[in-house]
Amino acid sequence: MNYNKKSVEDIDVAGKKVLVRCDFNVPVKDGVITDDKRIVGAMKTIEYLVAQGAKVILCSHMGRPHNVLDAELKLDKKEKKKIAELPAEEQEAATAAALEKGKKDITKLSLKIVADDLTKKGIPVTLAADVIGPDAQAKAAALKNGEVMLLENVRFHAAEEKNDPDFAKALASLAEIYVNDAFGTAHRAHGSTAGVADYLPAVCGYLIQKEIDVMGKALEDPKRPFVAILGGAKVSDKIGVIQNLIEKVDTLIIGGGMAYTFFRAFGNSIGTSLCEEDKLDLARELVEKARAKGVNFLLPVDNVIAREYKEDSTFMRIYSDSIPDGWMGLDIGEKTQELYSKSICGAGTVVWNGPMGVSEWENFAGGTRAVAKAVAESGAISIIGGGDSAAAVEQLGYADKMTHISTGGGASLEFLEGIELPGIACLLDK
Ligand code: AMP
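Residues numbered from 1 in each chain as written. Predicted model: local features only at pLDDT ≥ 70, side-chain atom pairs only at ≥ 80, totals over all residues. Heavy atoms only, no water.

Re the site of the ligand
Around the ligand there are 16 residues in total, and Ala 233, Lys 238, Gly 257, Gly 329 and Glu 360 lie nearest to it. At 3.1 Å, a side-chain N or O of Lys 238 approaches an oxygen atom of the ligand. At 2.9 Å from a nitrogen atom of the ligand is found a main-chain nitrogen or oxygen belonging to Gly 329. Contact with the protein chains hides 81% of the accessible area of the ligand, taken as 500 Å² for the molecule alone. Elements with a minimum of two residues in the shell around the ligand: helix H9 (235–246) and strand E14 (328–332). The residue inventory of the shell around the ligand, partitioned by class, reads 6 nonpolar, 6 polar and 4 charged. (Near = heavy atom within 4 Å. Polar contact = N/O pair within 3.5 Å; in protein donor to acceptor, adjacent residues only side chain to side chain. Areas by Shrake-Rupley, 256 points an atom, 1.4 Å probe, with all protein chains shown as cover. Helix = DSSP H or I, 4+ residues; strand = E, 2+ residues; numbered from the N terminus. Nonpolar A, V, L, I, M, F, W, Y, C, P; charged D, E, K, R; others polar.)

So, in structure tokens, the structure goes:
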């Protein structure tokens, strides 16, 4: 995989119309943005383009709009088929209901709230009423150097997620240069994340550039020892990452629910802990492979176990070889925390994805907290995958101590698996 991609600084943008794919998929409650991190994160690239005198056309998705709509509020094929299967007398009402739902989504998932927020933050933004329609075209054509506009939610078009070439072409026709700065959707080959690059010179913005630089470097030329910490619920979700990282790391630390599939694979009793019976052979293979490669493969030595999968369940600490029937492991124990912290403490590079236990519940959050602290204090180049581990790090106030917190959960996982992300592969090589 080539991580050496051209960025906004490698292309002349002055006076050019530049289409920038951002990730403005922010959480909104009662008409208020509850977390504006993604908007703040996008500003560096936008401000650079404005300072260079580009004509900036921003675009993004927000949420999952009801898939029946086009900007013109038509039903898509799937929805039409569903309605056609209904008794004739019900079809009219079903069509009306689907269109009505579509209209609501258009209001609820409009990017107006983002345009207003950017304007409040000091970047005046005009919102187009559509994505590739007449209003977008007119507003894009009228843009002056240094001005910024935002297209409506690209997912108002079903063609976006289908990566329909006609849609991508129409979107590209608004601009002369394409900048992808939405890492969170870079693992998806959609019209605005990859398709447009077939028609425009494509480069990355600062957000994607940092993701590629830090994570790419860790995979290609890590400062050693290289320690990977993988947790979360299931082995099956992390197989690709484990397989790719086994080839590269010095130490692989396993925590979370997935640890119990490994225990079971080696004949330990695990009570009612999470276990993927169909992954036992694979778990053995992974441990064998780690051994053959000389990778230090660490599993919990003790656990916090609970009677029930409940926040207020009775719990106790126990060694890994003696989990009794009727109890389930919901976190790593204190001895394991110490052991893992020691390994992390001497690391040159740490990559972490997935909590060490059910960190949403206080009684089972200790392991994740201890690991977050160890990573923060390690002095290592620290890379946190999105999702629960990122949330834990932020909650505990360690975010500033990390080298990089990825802005994409799914995308960072695929990146660490060594998969080429369409939204990055489509960019020009340096
Ligand atoms: P993932 O999305 O795969 O990273 O998994 C995150 C989820 O794993 C969180 O919701 C945790 O509650 C859950 N989890 C972590 N450890 C355990 C465990 N020992 N048993 C059950 N669920 C767990």
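Still more ground to cover, so stick around.
Looking at the domain arrangement of the protein
By the assigned domains, the protein splits into domain 1 (8–65 + 109–211) and domain 2 (222–417). Placing a centre on the C-alpha atoms of domain 1 and another on those of domain 2 gives a separation of 36 Å. Counting residues at the interface gives 8 residues for domain 1, matched by 12 residues for domain 2. Between domain 1 and domain 2 the total buried area reaches about 830 Å² when both faces are included, carbon and sulfur atoms providing 53% of it. Counting every contact that joins domain 1 to domain 2 gives 1 salt bridge. Here Lys 37 ties to Glu 394 by a salt bridge, and the two come within 3.5 Å at their closest N and O atoms. (Domains from an automatic or database assignment. Contact = heavy atoms within 4.5 Å. Buried area = accessible area lost by both parts, 1.4 Å probe. Salt bridge = Lys/Arg side-chain N within 4 Å of Asp/Glu carboxyl O.)

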